[in-house]
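Chains, contacts and geometry: an overview
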Amino acid sequence: KEIRTNMAAAMERPTALPPGVSMELLPGKALGPFNLGSPISNVIAYMRKRGMEYRRIQVQFNTSNPYRMDIGLVLSHLGLRLRFCSYSQRLKIIDVFQPMKIRMSYDSRPLSGPDTTPTFSLVSRVLGPTFPGRNNTRKRMHMLQYPGVCALFPLKKASSQRAEMTRESLEQADPVAERFFVHVGKSCAERLQLPPLETSCLYFETVVVRINTGIRFAKRKRSLLFQRHTLQHVMSILGMPDQVYVKDTDSMRIHRSPLSTKGDKGCFPLQDSRDYFLNYFQMGMDVLICGTTHKVSKIILHTNMPATRNFNRYNRCNYQIMVNSEERAEINSGSKSPASIISSPSPSSSSSSRGGHGKPGGGGGGGGNNGKQQSKKSRLISFNTRS
């Protein structure tokens, strides 16, 4: 279902179109620079790089159940909404809800824009008349469906009472398209699917967590074990970290909890006894290395939830926590299975270690709802891409 919020009035407010913003339509694949299946972090990074062309973004999500509805990036000045799968955080559907605000073309032929009205005859002529449409009498819309793209046209009240309309009558009325959807598959009425990842792609790789033991990467078939594997072993599996954060103080060393807010970034403290973090933002994890033994002592996994402090700093880590029968009995009494998997956690991050919970020096583990009661439907966060 379409996510509805109280921002409809803000979307309808007319804004000046930035010069030169035009997007080529590739049905089932992309619209301009936005490719279906792209991670949300890559899309936001592109928008920040472009600056004023995407000067304001609104993040749309469900606060009471973050995995129930899609995450949306709304660009109201372009009449564009990008909807991401809430679980994998990959782009699932591109919603052009105001086609007149964007210069959209297909095969180098104009399809919509400030000076191009996307009428039924124009869309049929550009995309082809080979696919018949169908009416939705409840919403009073005519759906012109093509593989990978769908156009919605409003119907008059008298016309919407009929289940079918001939193409000739539609061409005579020549309604203007109110919406375009770019998606994967033959029809947007079916369950939408994401494009498959390449075999060599490690994004959203399954990470299996064994409590008090370590983690295992399903695709690489390699493991990281606490108090056993060293810095060299970590780098042989994960490569060079995106950032190294050295703890500034060891006053809480007994708890193994990195609570400091300052540190030395960018170097390995091999001649120092301070613990240090290896920050892997693309993988959505931090690895804490003991400053004395240089072995793994803690691993922090992030879910990249909206409204948290670290949103868009880390990619989402697809981890699953293995729980044996004894441990699960404490969580859910009566479990008889020898081993179970708990996945898709809702907190902003999960810490797996032999010690207490902690935040990485390179930005923190993020909060959740901070103890405040939030909306049960959805919430909007706005930020400028220039910051």
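See above for the structure.
Per-chain numbering applies: the sequence of each chain, read as written, is numbered from 1 onward. A pLDDT threshold of at least 70 governs which residues receive local features in this predicted model, and a stricter bar of 80 or more applies before side-chain atom pairs are shown or counted, although totals over entire chains, interfaces and linings include all residues. Neither water nor hydrogens contribute to the side-chain values; these are computed over all heavy atoms in the structure.

The strand order across the open sheet built from five strands is S3-S2-S1-S8-S9, with neighbouring strands paired in mixed fashion. The sheet terminates laterally at strand S3 (34-35) and strand S9 (109-112), the two strands that pair on one side only. Direction of pairing for strand S2 (residues 30-31) relative to S3: antiparallel, over a ladder of two bridges. Its bridge partner being in S3, leucine 31 is matched across the sheet by phenylalanine 34. Only heavy atoms matter for contacts: two residues are in contact if any of them lie within 4.5 Å across the pair. Note on method: axes are straight lines fitted to C-alpha atoms, helices fitted across the in-contact stretch only, with angles between N-to-C directions ranging 0 to 180 degrees. Strands here mean DSSP runs of E at least two residues long; helices mean DSSP runs of H or I at least four residues long; both are numbered from the N terminus. Packed onto the sheet, helix H3 (residues 120-127) meets strand S1 (22-26), strand S8 (103-106) and S9 and runs at close to 140 degrees relative to S9. Two strands pair if DSSP finds at least two bridges between them.

Okay, the nonpolar core next. Only buried residues count toward a nonpolar core, which is a set of Ala, Val, Leu, Ile, Met, Phe, Trp, Tyr and Cys residues joined through side-chain atoms within 4.5 Å. Each residue is placed in one exposure class: buried if its accessible area under a 1.4 Å probe, protein chains only, is under 20% of its type's maximum, exposed if it is over 50%, and partly exposed if it falls in between. Of all hydrophobic cores here, the largest spans 43 residues; its most connected members are Met23, Phe34, Met47, Leu73, Leu80, Leu82 and Ile94. The greatest single-element share of this core, amounting to five residues, is contributed by H3. In contact with isoleucine 94, other than residues within four places in its own chain, are Ala30, Leu31, Phe34, Leu36, Leu80, Arg81, Leu82, Phe180, Phe181 and Val182. Leu231, Leu278, Ile289 and Ile299 belong to the second largest nonpolar core, which has 23 residues in total.

Moving on, we come to the pairing of strand S15 (residues 214-217). Consecutive side chains of a regular strand alternate in pointing toward one face of the sheet and then the other. In the sheet, strand S14 (residues 206-210) pairs with S15 via four bridges, with the strands oriented antiparallel. Considered in S15, the bridge of valine 208 is made with arginine 216. Bridge count between S15 and strand S16 (residues 222-225): four bridges; the pairing is antiparallel. The partner of isoleucine 215 across the bridge, within S16, is leucine 224.

This brings us to unusual backbone geometry. The backbone of glutamine 227 sits at a positive phi, close to 55 degrees, despite the residue not being glycine. Looking at the secondary structure, you find glutamine 227 in the loop between S16 and helix H6 (231-238). Its identity as a non-glycine residue notwithstanding, alanine 307 has a phi of 75 degrees, on the positive side. Relative to the helices and strands, alanine 307 is located in the loop between strand S21 (296-302) and strand S22 (318-324). Overall, alanine 307 belongs to the partly exposed group, its relative accessible area being 32%.

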